[in-house]
Amino acid sequence: MGAYLPLLAYAYLLATSTGRDKGRKRYKPDGRKKKRGATAVSDGSARQQEVDPLPPLTQPNGPRPTYFTCRHSYEGALIDEILRCAPDESVTSPYPGLVRVDDGASLPGGFDPVYALQVIPECIVVSGESIKSIALEVDRALLAGGDAMLPGNCDKRSLEQRQSLITAPKGSLTIHPLVPGMCKAQPSPVMHSRATKVCDELLQMHKKVYPAARRSKTKQMQDGPVLEMPAGERWLLQVMLQSPTLAIASLSKCDHVGPGFRAYRPCLEHPLGLAKVDIGEKMPSSAYRKLLEALECMGIAPLPSTTVVDLGACPGGWTGAIRRFFDCRVIAIDRSALDPV
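Cut-offs and rules
- Residues numbered from 1 in each chain as written.
- Predicted model: local features only at pLDDT ≥ 70, side-chain atom pairs only at ≥ 80, totals over all residues.
- Heavy atoms only, no water.
- Buried < 20%, exposed > 50% of the residue type's maximum accessible area, 1.4 Å probe, protein only.
- Helix = DSSP H or I, 4+ residues; strand = E, 2+ residues; numbered from the N terminus.
- Pairing = 2+ DSSP bridges.
- Patch = residues over 30% accessible without salt bridge, like charges linked within 9 Å, V, L, I, M, F, W, Y side chains within 5 Å.
- Areas by Shrake-Rupley, 256 points an atom, 1.4 Å probe, with all protein chains shown as cover.
- Salt bridge = Lys/Arg side-chain N within 4 Å of Asp/Glu carboxyl O.
- Axes fitted to C-alpha atoms, helices over the stretch in contact; angles between N-to-C directions.
- Core = buried A, V, L, I, M, F, W, Y, C linked by side-chain atoms within 4.5 Å.
- Contact = heavy atoms within 4.5 Å.
- Phe/Tyr/Trp six-rings, centres within 6.5 Å; stacked < 30°, edge-to-face > 60°.

Enquirer: Just to check I follow, could you spell out the pairing of strand 7 (residues 235–243) for this structure?
Expert: Judged by how many residues are buried, strand 7 sits mostly within the fold: nine of nine residues are covered. Here strand 6 (residues 173–178) runs beside strand 7; their pairing, made up of six bridges, is parallel. Note that in strand 7 the partner of Leu-178 across the bridge is Met-240. Where strand 7 and strand 8 (residues 246–253) come together, eight bridges link them in antiparallel fashion. Along strand 8, the bridge assignment pairs Leu-241 with Ala-247. From the end of strand 7 to the start of strand 8, which pair antiparallel, there are two residues.

Enquirer: Explain a nonpolar patch on the surface to me, please; I cannot follow it from the model alone.
Expert: On the surface, a cluster of nonpolar side chains totalling about 360 Å² of accessible area is made up of Val-309, Leu-311, Ile-331 and Ile-333. Secondary-structure elements contributing two or more residues to the nonpolar patch are strand 11 (307–311) and strand 12 (329–333). Considering the arrangement of structural elements, one finds Val-309 in strand 11.

Enquirer: Help me out: how do you make sense of the sheet that holds strand 7 in this one?
Expert: Two pairing modes exist for strands in a sheet, parallel and antiparallel, and in both the strands are linked by backbone hydrogen bonds. One open sheet holds the four strands; their spatial order is 5-8-7-6, and the pairing between them is mixed. Pairing within the sheet leaves two strands with one partner each, and these edge strands are strand 5 (124–127) and strand 6. Recorded for the sheet is a direction-independent mean angle of 20° between the axes of neighbouring strands. As defined by bridge partners, strand 5 adjoins strand 8 across four bridges and the pair is classed as antiparallel.

Enquirer: Please clarify how the nonpolar core should be interpreted in this entry.
Expert: Within soluble globular proteins, side chains that are nonpolar generally end up buried alongside one another. Core analysis: the largest hydrophobic core is formed by 44 residues, its most contacted members being Leu-142, Leu-165, Leu-173, Leu-237 and Leu-251. Looking at this core, the elements with two or more residues in it are strand 5, helix 4 (131–143), strand 6, helix 6 (192–207), strand 7 and strand 8. With six residues, helix 4 is the largest single contributor of residues to this core. Excluding residues that lie within four positions of it along the chain, Leu-142 makes contacts with Arg-64, Ile-124, Ser-158, Gln-161, Leu-237, Ala-249, Ser-250 and Leu-251. Counting 14 residues, the second-largest nonpolar core is a separate cluster that includes Val-277, Val-308, Ala-321 and Ile-322.

Enquirer: Help me understand the environment of Arg-140 in this model?
Expert: Looking at the element boundaries, Arg-140 is found in helix 4. For Arg-140, a relative accessible area of 23% translates into the label partly exposed. A C-alpha to C-alpha distance of 9.6 Å links Arg-140 and Val-126, two positions 14 residues apart in sequence.

Enquirer: Would you explain the packing of aromatic side chains in this entry?
Expert: Each aromatic ring pair is specified by the distance between its two centres and by the angle formed by the two planes. The final tally for this structure, using the stated rule, is three aromatic pairs. Arranged with centres 6.1 Å apart and planes meeting at 45°, the rings of Phe-325 and Phe-326 form a pair that is tilted. Accessibility expressed as a relative area gives 46% for Phe-325, which makes it partly exposed. According to the relative accessible area criterion, Phe-326 is buried, its value standing at 16%.

Enquirer: Help me understand the pattern of salt bridges in this model?
Expert: Proximity of charged atoms lets side chains of opposite charge pair with each other. Across all of its chains, the model carries six salt bridges by this definition. Put simply, Asp-112 and Arg-265 hold a salt bridge, and the shortest N to O gap is 3.2 Å. Taken together, the positions of Asp-112 in the loop between strand 3 (98–101) and strand 4 (118–120) and Arg-265 in strand 10 (residues 264–265) put the pair 153 residues apart, joining distant regions of the chain. With a relative accessible area of 49%, Asp-112 lands in the partly exposed category. Taking the relative accessible area as the measure of exposure, Arg-265 reaches 19% and is therefore buried. The network of salt bridges with common partners includes Arg-64, Glu-122, Asp-155 and Arg-157.

See below:
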């Protein structure tokens, strides 16, 4: 029996060490348990490199890039559309659904490409190691905060935006935390939590200086529902993390394009201009998304008492969507029969 003891001890060590290794693989270095099916790179750092190339940092009074978003696979069409308007400009797509123009000031005022869902105009590009440092850098570069008022650091556009935002109406500022993965409609895009915390930090900073960042009182009807704010002056701050330490940010006064109260450009209601318009059940075609997206972005909808006429209705995507969402009467006209779905 004594001759087998070393062999038994060796087998025991193998078994226990294997178990310990398996246990260690179930936990991250910080002690949190990994999700099942998670890869070795659980923080998404590999996907962050898809933003290529990363933009260079902007300098005071230097050129600022403008970004446009579009549906994934339409980047080429959007780039061609921009180049027809600005043939000498450098236009690239650093990420699916995202198009970058190196010098946004070269584009004509009010330029609104057909293939673009959202515009992030004349961005500043800053870096910071922590959430607070990124927020401070955005405030300094975009709104002449901190030491940006010192000689050599002063940016004329930032000073002008600062003065305009100081006089903007209370509650008129909206902030969108963005990350590239949202362009591909990822349900849980990498870095979104970090981007949200950066925007929360900016909101707390701006509340102290700008009335536009403070909530305005909402009016209520006698029956209870809250009335929408009428069309008026609106500002949009968009902050997109390109990497954990690099961010682009843009502040713009929105143009009301009507007819609904919420119809502004850049789009206020939907970050990156992406309205959630998918219908889970089977539909005759996917064309209904265009109609629902337009109604969402304009902030209008037919009332249940409305009669809607759908000319050229086959196969019935628009008719089906209107019936499902708004429960109003639809007169569908086409030479072909509609899909019974």
